[in-house]
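# Understanding the architecture of this molecule
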Amino acid sequence: MSARSGEADKPRLLVVEDDPGLATQLKWAWDEFDVTCVGDRETAIAALRQHEPDVVTLDLGLPPDPDGTREGFAVLDAIMELKPDTKVIVASGHGAAESALRAIERGAYDFYRKPVRIEELALIVRRALHLAALEGENRRLAARVGEDATLLGSIVTGAPEMIRTARTVERIASADVSVLLMGASGTGKELLARGLHAASARARAGLVAINCAAIPEHLLEQELFGYEAGAFEGAHSAREGRIEMAAGGTLFLDEMGELPSAIQARLLRFIETRAVERIGAATAIPVDARLVCATHRDLPAMVAEGAFREDLYFRLAEVVVAIPSLAERAGDAPLLARHFLARFAAEMNPQIKGFAPDALAAIDAWHWPGNVRELENRVKRAVIMADGRLVGAQDLDLAESGDELALALNLKAGREQADRKLIRQALSRSEGNISSTARMLGISRPTLYDLMKQYDLST
Ligand SMILES: Nc1ncnc2c1ncn2[C@@H]1O[C@H](COP(=O)(O)OP(=O)(O)OP(=O)(O)O)[C@@H](O)[C@H]1O
Ligand SMILES: [Mg+2]
């Protein structure tokens, strides 16, 4: 065990810097971190093993090649080989742009151009620490969930809220109850419905889906219930409806909140009798289908307003599953972004190797009003648009990237904004526990209280 008495709670930072004056200055300025300073490759690698830092700031110009970048890159390569999860922030004044790109391609987290402005560098370090904490947490959760962090075969998540949702769906899959999936658009309602079906005893028979919002009322009725020959003009021969097609399997009714009231009544009759009356038929055909519905509307509220039949609601919603929005799933946006990037890069643009740090920061910060669907579309678009090896923040075209500019223009305002965001995320991550929030952020409890007061934040 390492003996860092009194420093145990602080995030560990390794400063690789051959200018002893600067190293001392950083050590003094950064009492919020547990800082170790080293000045050359060999001691850097030794310190990496001994201290296992979360973040490394790395000066590229190290002896015996202080004016070049060879030693710095060698240290970077060694870190990526030994501890690839370490966030390395490369600092250099030599040929900045070119070294930056090379460093990031070789696995660095971010790049910093000398001369060092301590507060600005501290901000980058804090962000890197925050990301490292989220990634660590996601890895732990993923390890608990299964190798590739997928649930129900296809749900990618590391967030406790979503894991709970997926587990619920898994659990109720085998009970033959009707299920109502409630969630905002793009949260994965259809994916969960398909996962539920696949995990149920009805998996061998099909899942038949129909979107109640996409089809005009009279066609929807024909689609659902089918018709007999001669039932109406143009009905030359009989046709079975989707309900019949779902016999033995699952009927997935998407956008349930849009179901017209005449069809609501007809659907209720089917559920009560478990038999379908085709349009124009004299008799009903028994059908055994499990019902799974989804909606982005507040169906209970619609029931209260009289816009949706209460008796039908209770038949459809024997179990209600609420799906959290993407913004409520801490750490999931970067996790899903990587998942989609790997997929789309393989399909459409194999030279893309990953995200630039500014892109990951923007993904983590964005509020994702269109949820996973929006994330998927943005990543797809970015993979197509990006012309380097990395997808950058500007390829994602998120409005928040403007924040970066504001940051450069007004460091103080930018810092406050970033601090506020970090504190809010850490608070929600630790469910409002002040001690663990302070620990996560690497600051003391009194400092956290002060900041929360200053920014008007509560638990
Ligand atoms: N947790 C997840 N892991 C992986 N892919 C996901 C996840 N959630 C959603 N997706 C993908 O995001 C897209 C949107 O999901 P889905 O269609 O299931 O959402 P929805 O809630 O039905 O959306 P809408 O309201 O727009 O119909 C799909 O391509 C789906 O495969
Ligand atoms: Mg859908």
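As annotated in an unreviewed UniProt entry, the chain carries the name PEP-CTERM-box response regulator transcription factor and is attributed to Croceicoccus marinus.

### Things to note about the overall build of the chain
Across its full length, the chain carries 20 helices and 18 strands. Along the first, second and third principal axes, the C-alpha set of the chain runs to 95 × 45 × 45 Å. In the chain, 66% of the contacts between residues at least 6 apart in sequence involve partners at least 24 apart. As displayed, the chain has an accessible area near 21,700 Å², and 51% of this comes from carbon and sulfur atoms. Distance between charge centres in the chain, computed from 54 positive and 68 negative side chains, equals 2 Å.

### Focus on the packing of aromatic side chains
On inspection of all chains with the given rule, the structure shows five aromatic pairs. Aromatic pair W30 and F33: ring centres 5.6 Å apart, planes at 80 degrees, arrangement edge-to-face. Across the pair, F33 and W30 agree in class, each one buried. With a centroid separation of 6.1 Å and an interplanar angle of 15 degrees, the aromatic rings of F340 and F344 are classed as stacked. On the criterion of helical spacing, the pair formed by F340 and F344 is a turn pair, its members being four residues apart in helix α13 (residues 332-348). Over the face of the ring belonging to F73 we find R102, whose NZ or CZ atom lies 4.1 Å from the ring centre.

### A few points about empty space enclosed by the protein
Across all of its chains, the model carries two cavities of 30 Å³ or more by this definition. Roughly 70 Å³ of volume is contained in the second largest cavity. Within the residue set of the lining of the second largest cavity, elements represented by two or more residues are β1 (12-16), α1 (20-29), β3 (55-59) and β4 (87-92). The element contributing the most residues to the lining of the second largest cavity is β3, with three residues. Tallied by class, residues from the lining of the second largest cavity come to nine nonpolar, one polar and three charged.

### Details of the sheet that holds β1
Taken together, the five strands give an open sheet; going across it, the order is β2-β1-β3-β4-β5, and neighbouring strands pair in parallel fashion. At either margin of the open sheet sits one strand with a lone partner, and together these are β2 (34-38) and β5 (110-113). Going across the sheet, the axis of each strand differs from the next one's by a mean of 20 degrees, ignoring polarity. Bridge count between β4 and β5: four bridges; the pairing is parallel.

### Section: the site of ligand 1
For ligand 1, the set of nearby residues contains 16 residues, the closest of which are V156, G186, K189, R373 and E376. A distance of 2.9 Å is found between an oxygen atom of ligand 1 and a backbone nitrogen or oxygen belonging to G186. The backbone of G188 places a nitrogen or oxygen atom 3.1 Å from an oxygen atom of ligand 1. When ligand 1 sits alone it has 630 Å² of accessible area, and the protein chains cover 85% of it. For the shell around ligand 1, the elements supplying multiple residues, two or more each, are β7 (155-156), α7 (189-198), α13 and α15 (371-385). Three or more residues apiece are contributed to the shell around ligand 1 by two domains, here domain 2 (177-323) and domain 3 (327-403).

### Details of the UniProt feature "modified residue: 4-aspartylphosphate" (unreviewed entry) in the chain
UniProt records the feature "modified residue: 4-aspartylphosphate" (unreviewed entry) at D59, using the numbering of this structure. Locating D59 in the fold gives a position in strand β3. Its relative accessible area of 5% is what places D59 among the buried residues. Setting aside its immediate chain neighbours within four residues, D59 contacts V16, E17, D18, G72, A91 and K114.

### Notes on the UniProt feature "domain: Sigma-54 factor interaction" (unreviewed entry) in the chain
Taking the UniProt record as the reference, the feature "domain: Sigma-54 factor interaction" (unreviewed entry) is found at residues 155-384. Along residues 155-384, the helical share is 45% and the strand share 16%, with 24 Å between the first and last C-alpha atoms.

### Structural notes on unusual backbone geometry
For the bond running from P63 to P64, omega is 5 degrees, close enough to zero to count as cis. Tracing the backbone through its elements, the reader meets P64 in the loop between β3 and α3 (70-82). Note that the residue after K114, namely P115, is joined by a cis bond; omega there is 5 degrees. Relative to the elements of secondary structure, P115 occurs in the loop between β5 and α5 (118-145). For E255, which is not glycine, the phi torsion reads 55 degrees and is therefore positive. By the element assignment, E255 lies in the loop between β12 (250-254) and α10 (261-273).

### A look at the sheet that holds β12
The strand order across the open sheet formed by five strands is β9-β12-β15-β8-β16, and the pairing between neighbours is parallel. The outermost strands of the open sheet, each flanked by one partner alone, are β9 (207-211) and β16 (319-322). Across the sheet, the mean angle from the axis of one strand to that of its neighbour is 20 degrees, orientation sign disregarded. Strand direction decides the pairing type here: β12 and strand β15 (residues 290-295), joined by four bridges, are parallel. Paired with T250 across the two strands is R290, which belongs to β15. Lying on the sheet, helix α6 (residues 160-173) is in contact with β8 (179-182), β15 and β16; it crosses β16 at an angle near 155 degrees.

### Quick notes on the pattern of salt bridges
Close approach of charged atoms allows side chains of opposite charge to pair. Per the counting criterion, the structure on display carries 24 salt bridges. Of the charged contacts in the structure, one is a salt bridge between D59 and K114, with a shortest N-O distance of 3.3 Å. Here the residue D59 occupies a position in strand β3, and K114 occupies one in the loop between β5 and α5, the gap between them amounting to 55 residues. A salt bridge links R378 to E374; the shortest N-O distance between them is 3.3 Å. Note that R378 and E374 are positioned in helix α15 at a spacing of four residues, about one turn of the helix.

Conventions used here
- Residues numbered from 1 in each chain as written.
- Chains lettered and ligands numbered in written order.
- Predicted model: local features only at pLDDT ≥ 70, side-chain atom pairs only at ≥ 80, totals over all residues.
- Heavy atoms only, no water.
- Helix = DSSP H or I, 4+ residues; strand = E, 2+ residues; numbered from the N terminus.
- Contact = heavy atoms within 4.5 Å.
- Areas by Shrake-Rupley, 256 points an atom, 1.4 Å probe, with all protein chains shown as cover.
- Lys, Arg positive; Asp, Glu negative; His and termini not counted.
- Charge placed at Lys NZ, Arg CZ, Asp CG, Glu CD.
- Phe/Tyr/Trp six-rings, centres within 6.5 Å; stacked < 30°, edge-to-face > 60°.
- Buried < 20%, exposed > 50% of the residue type's maximum accessible area, 1.4 Å probe, protein only.
- Lys NZ or Arg CZ within 6 Å of the ring centre and 35° of its normal.
- 1 Å grid on protein atoms, 1.4 Å probe; cavity = no way out; pocket = protein on both sides within 12 Å on 5 of 7 lines; lining within 4 Å.
- Points joined across faces, edges and corners; volume = space filled by probe spheres on them.
- Nonpolar A, V, L, I, M, F, W, Y, C, P; charged D, E, K, R; others polar.
- Pairing = 2+ DSSP bridges.
- Axes fitted to C-alpha atoms, helices over the stretch in contact; angles between N-to-C directions.
- Near = heavy atom within 4 Å.
- Polar contact = N/O pair within 3.5 Å; in protein donor to acceptor, adjacent residues only side chain to side chain.
- Domains from an automatic or database assignment.
- UniProt positions renumbered as here; feature names shortened; annotations may be inferred.
- Salt bridge = Lys/Arg side-chain N within 4 Å of Asp/Glu carboxyl O.

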